[in-house]
Amino acid sequence: MKKWLKYLFETDKHPHKGLYMVEWAMVVYLVLTLLLMLFMQTKIMSFEPMLWGRVRILMTTAAMWAVYRMVPCRAMLLLRISVQLALLSWWYPDTYEFNRLLPNLDHHFAAFEQSVFGSQPALWLHERFSSPVVSELLNLGYVSYYPLILVVSCYYFLWKFAEFGRSTFIIFASFMVFYCVFIALPVAGPQYYYQAVGLDEIARGVFPNIGNYFETHQESLPIPGWKDGLFYQMLVDAHNAGERPTAAFPSSHVGITTVIMFLAWRTGSRRLFWWLMPFFVLMFFATFYIQAHYVIDAIAGLFAGTVFYFLTGFIYDRLKRP
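K.L.:
Give a detailed account of the overall build of the protein chain, specifying residues and quantitative values.
P.N.:
If you tally the helices and strands in the protein chain, you get 16 helices and 0 strands. Whereas a compact globule of 322 residues would reach a radius of gyration of roughly 20 Å, the protein chain reaches 21 Å, a difference of no more than 12%. Seen along its three principal axes, the alpha-carbon backbone of the protein chain occupies a region of about 65 × 50 × 35 Å. When each of the 322 residues of the protein chain is scored for burial, the buried share is 50%. Long-range contacts, defined here as pairs at least 24 residues apart, represent 83% of the contacts in the protein chain between residues at least 6 apart.

K.L.:
Give a detailed account of the layout of surface pockets, specifying residues and quantitative values.
P.N.:
Space inside the largest pocket adds up to approximately 590 Å³. If you go around the largest pocket, you meet 29 residues; those closest to its centre are Y142, Y146, A238, E243 and H253. At the level of elements, helix 5 (88-99), helix 8 (132-143), helix 9 (145-159), helix 10 (164-184), helix 11 (190-197), helix 13 (230-242) and helix 14 (252-266) are the ones that each hand at least two residues to the lining of the largest pocket. For the lining of the largest pocket, the leading source of residues is helix 13, giving 6 residues. Grouping the constituent residues of the lining of the largest pocket by class yields 19 nonpolar, 8 polar and 2 charged. Along the walls of the second largest pocket sit 20 residues, with D12, Y20, L77, F161 and G165 positioned nearest its centre. Going through the elements one at a time, helix 2 (21-39), helix 4 (74-86), helix 10 and helix 16 (295-320) are the ones with two or more residues in the lining of the second largest pocket. Of all the elements, helix 10 adds the most residues to the lining of the second largest pocket, at 4 residues.

K.L.:
Quick rundown of the nonpolar core? Include the residues and the values.
P.N.:
Where a protein is soluble and globular, its nonpolar side chains tend to be buried together. Membership of the largest hydrophobic core comes to 101 residues, with the highest contact counts inside it found for W91, F175, Y179 and Y193. Sorting elements by how many residues they give to this core places helix 10 first, with 12 residues. Setting aside its immediate chain neighbours within four residues, Y193 contacts N104, D106, H107, A110, I202, F207, P208, I210, F214 and Y294.

K.L.:
Please give an account of unusual backbone geometry that cites residues and values.
P.N.:
Omega for the peptide link from F249 to P250 comes to -15°, which places this bond in the cis form. Take P250: it is sitting in the loop between helix 13 and helix 14. The backbone of A247 shows a phi angle near 65°, a positive value even though the residue is not glycine. Here A247 is to be found in the loop between helix 13 and helix 14. The backbone of Q291 sits at a positive phi, close to 70°, despite the residue not being glycine. One can find Q291 in the loop between helix 15 (270-289) and helix 16.

K.L.:
Tell me what's going on with the packing of helix 2 against helix 10, and back it up with residues and numbers.
P.N.:
Put simply, helix 2 and helix 10 touch, their axes get as near as 8 Å, and they point 15° apart. With respect to each other, helix 2 and helix 10 are oriented roughly parallel. At the point where helix 2 passes helix 10, the crossing takes the left-handed sense. Note on element contacts: helix 10 touches helix 2 through T168, F169, F172, M176, Y179, C180 and I183, opposite M21, V22, A25, M26, Y29, T33 and L36. Of the residues that constitute the contact of helix 2 with helix 10, the class distribution is 12 nonpolar, 2 polar and no charged.

K.L.:
Give me the lowdown on the packing of aromatic side chains, citing residues and values where you can.
P.N.:
Applying the stated rule across the entire model yields 28 aromatic pairs. Their ring planes at 45° and their centres at 5.2 Å tell us that Y155 and W159 sit as a pair that is tilted. Here W159 and Y155 lie together in helix 9, a separation of 4 residues that amounts to about one turn. Between Y213 and F214, the aromatic rings sit 5.2 Å apart at their centres with planes inclined by 85°, giving edge-to-face as the arrangement. By relative accessible area, which is 25% here, Y213 ends up partly exposed. On the basis of relative accessible area, F214 is assigned to the buried category, the value being 4%. Through successive ring pairs, a cluster of aromatic residues spans Y29, W90, W91, Y92, Y145, Y146, F175, F178, Y179, F182 and F308. Positioned above the aromatic ring of F161, the side-chain terminus of R74 is 4.6 Å from the ring centre. The residue whose ring lies beneath R270 is W265, and the NZ or CZ to ring-centre distance is 3.4 Å.

What counts and how
Residues numbered from 1 in each chain as written. Predicted model: local features only at pLDDT ≥ 70, side-chain atom pairs only at ≥ 80, totals over all residues. Heavy atoms only, no water. Helix = DSSP H or I, 4+ residues; strand = E, 2+ residues; numbered from the N terminus. Rg over C-alpha atoms; globule rule 2.2 N^0.38 Å. Buried < 20%, exposed > 50% of the residue type's maximum accessible area, 1.4 Å probe, protein only. Contact = heavy atoms within 4.5 Å. 1 Å grid on protein atoms, 1.4 Å probe; cavity = no way out; pocket = protein on both sides within 12 Å on 5 of 7 lines; lining within 4 Å. Points joined across faces, edges and corners; volume = space filled by probe spheres on them. Nonpolar A, V, L, I, M, F, W, Y, C, P; charged D, E, K, R; others polar. Core = buried A, V, L, I, M, F, W, Y, C linked by side-chain atoms within 4.5 Å. Axes fitted to C-alpha atoms, helices over the stretch in contact; angles between N-to-C directions. Parallel < 35°, antiparallel > 145°, perpendicular 65-115°, else oblique. Left-handed = near helix turned anticlockwise from the far one by under 90°. Phe/Tyr/Trp six-rings, centres within 6.5 Å; stacked < 30°, edge-to-face > 60°. Lys NZ or Arg CZ within 6 Å of the ring centre and 35° of its normal.

These results come straight from atomic positions and should not be treated as a statement about function.
Here it is as structure tokens:
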């Protein structure tokens, strides 16, 4: 215990004076979206809450910086980074406030899904594999999203501290890139689009253009699965807390988990990597089993996560180079 306390609270002899890369990534995203807000000011319904939310995030970031400067140690650094990662849950629904103003594109994605698979896997998969065991395993995979991020981040902090800043930047910056895509690409996903169109129409292969329907609607289909399951209930609670008709393509759940798997491999701990692999596989299939995504969203998430991992790592290495 004393060893860990010393590890956490030993004063850093050369404290970082400015913002960390994770915080700079947040500032860049905040400024870009603020400019977009100002450009769309007359149309955005929640302009003031979005504006004051950004002010509070900047004030929180400044407060964390001040605390670290007063007590420069690993524990305070961990707090600074953790705050930014925790705020990702605030930034996610913020994307909806932008793309709700754009015409919905789900009809293109559902039609493409139909042309590739001859049907809508998100429509029938949960019916053909309705076993409580299958349902709970896939729900476990989906709700493991944030725990996987936590596990890998903590591993770097405790055992690969020299790369902690790089790994958390890659995770955070990858989220920010996904969010930029989501703002520009208004795809709600099956749970919302199927509800808006009607399941009978979807089953017949009819995918109408619903235009700006989601500007004023957020209704979704009930999440399929074994409703008495523990992980099903956790999934429903998470959905009710912050889900919006946004962020379907590409799947950030698959994409960020792909990033996590690359980071797990980079640790050199093959045990960690293979322990996480089952959750990664379950995550992939869960995205369309619970109707959150089309299959093409999940496949695109694999490619996007791979690209974002190497892109954000490259950016970090270039900017940190002396």
